[in-house]
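# Residue-level structural notes
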Amino acid sequence: MLQYLALASILFAIGIFGVLTRRNTIGILMSLELMFNAVNINLVTFNKYIGPDNLTGQIFATFVIVVAAAEAVVGLAIVLLLYRNWRGIEVDRINLMKW
Amino acid sequence: MEVEVSQLVFYLLSFVIIISAIYVVTLRNIFHSALFLILTLFAVAGIYIMLNAEFLAAVQVLIYVGAISILIIFAIMLTSQLANKQIRQSNEQVMIGIFICSGFLLASLGSIANTVWRIVEKPLPENNTLTMGKLLMNEFVLPFEIVSIVLLAALIGAVVLARKEGA
């Protein structure tokens, strides 16, 4: 079980690195998907090893996948809108709402 | 013998996951990193199968590999100038990023190693998909309905956002 948790931590750390260092908005969204996957691995692992009486963890992971799909749809629509208005999607150029 | 084979498969899958995830966050060409993202998602589906979550593995392949990554590739093709390789893809916070994520990694690995886990040695319910369907229709029917409303809202929101002004 510990090996699955360690794998999920490494995947989550890589996702954090991507979110912090990517300039491209789509790159940030892809790193977010990596982090969602790490969380899902954790949920399924705990389901198998800690609470195997029912499948609550797997149900929760399914909901996480659905919400991630909704998030990706809205995020990519925002990215298209940004590209239409700015001709570029680098996050350091998008400072309209920066104070 | 069987345990050793599953160990071997696990290490192979995690090797693929980690290497391709590193490529996802570091490659300069954003299109190549989207392709490596697809590889990562496939290997995570393999991990789900190793954890006896067959339905979740199928959902992963259908939704992540089939839908979300296609959506991401579409967005890349609509927005980036792929021919222009000179665009820098990472900002000047790479050192801080490495620092923060290795700090997180150390903290979480340490807490995983130091926690006493109460592992229950019991097999999961037989017939994964049947059990999940029954749970979704009985115990979790309210979140199931709410998540469908979330999907509808995301659909309408994406259409409203991506529509041209005045059209």
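## Quick word on the overall build of chain B
Helix and strand counts for chain B come out as six helices and zero strands. The secondary structure elements of chain B, listed N-terminal to C-terminal, are α-α-α-α-α-α. Since a compact globule built from 167 residues should have a radius of gyration of about 15 Å, the 21 Å found for chain B marks it as more spread out than a globular shape. In terms of overall dimensions, chain B has C-alpha extents of about 55 × 40 × 30 Å along its principal axes. Taken over 167 residues, chain B has a buried fraction of 32%. When contacts within chain B are restricted to residue pairs at least 6 apart in sequence, those whose partners lie at least 24 apart make up 58%.

## A short note on unusual backbone geometry
Residues and elements named next belong to chain B. Despite not being glycine, N52 shows a phi value in the positive range, around 60 degrees. With respect to the helices, strands and loops of the structure, N52 is situated in the loop between α2 (30–50) and α3 (54–79). For N52, a relative accessible area of 32% translates into the label partly exposed.

## With respect to the packing of helix α2 (residues 25–49) of chain A against α2 of chain B
Remark: α2 of chain A packs on α2 of chain B, axes separated minimally by 11 Å, with the N-to-C direction vectors making an angle of 5 degrees. With respect to α2 of chain B, the element α2 of chain A is oriented roughly parallel. Touching G27, M30, L34, N37, N40, I41, V44 and K48 of chain A of α2 of chain A are I30, S33, A34, L37, T40, L41, V44, I47, Y48 and M50 of chain B, all from α2 of chain B.

## Quick look at helix α3 (residues 56–86) of chain A
With 31 residues, α3 of chain A should reach 45 Å at 1.5 Å per residue; the first-to-last C-alpha distance of 44 Å fits that figure. Trailing α3 of chain A by a residue or two, R87 of chain A shows a phi angle of about 60 degrees, which is positive.

## Remarks on α2 of chain A
Along an α-helix, residues three or four apart share an orientation, since each turn contains 3.6 residues. Residues and elements named next belong to chain A. In this model, α2 (25 residues) spans 37 Å end to end at C-alpha, consistent with the 36 Å of a helix rising 1.5 Å per residue. Within α2, 19 of the 25 residues are buried, leaving the element largely enclosed by the surrounding structure. The backbone nitrogen of I26 has a side-chain oxygen 3.1 Å away, supplied by the residue at the start of α2, namely N24.

## So, the nonpolar core
Grouped together as the largest cluster of nonpolar side chains are 59 residues, with contacts concentrated most on L11, I26, L34 and I41 of chain A together with I47, Y48 and I72 of chain B. With residues up to four places along the chain from it excluded, the contact list for I26 of chain A reads L76, V79 and I89 of chain A together with I72, A75, I76 and T79 of chain B. Within the second largest apolar cluster, 10 residues are counted, among which are L55 and I59 of chain A together with L124 and F140 of chain B.

About the thresholds
Residues numbered from 1 in each chain as written. Chains lettered and ligands numbered in written order. Predicted model: local features only at pLDDT ≥ 70, side-chain atom pairs only at ≥ 80, totals over all residues. Heavy atoms only, no water. Helix = DSSP H or I, 4+ residues; strand = E, 2+ residues; numbered from the N terminus. Rg over C-alpha atoms; globule rule 2.2 N^0.38 Å. Buried < 20%, exposed > 50% of the residue type's maximum accessible area, 1.4 Å probe, protein only. Contact = heavy atoms within 4.5 Å. Axes fitted to C-alpha atoms, helices over the stretch in contact; angles between N-to-C directions. Parallel < 35°, antiparallel > 145°, perpendicular 65-115°, else oblique. Expected span 1.5 Å × (residues − 1). Polar contact = N/O pair within 3.5 Å; in protein donor to acceptor, adjacent residues only side chain to side chain. Core = buried A, V, L, I, M, F, W, Y, C linked by side-chain atoms within 4.5 Å.

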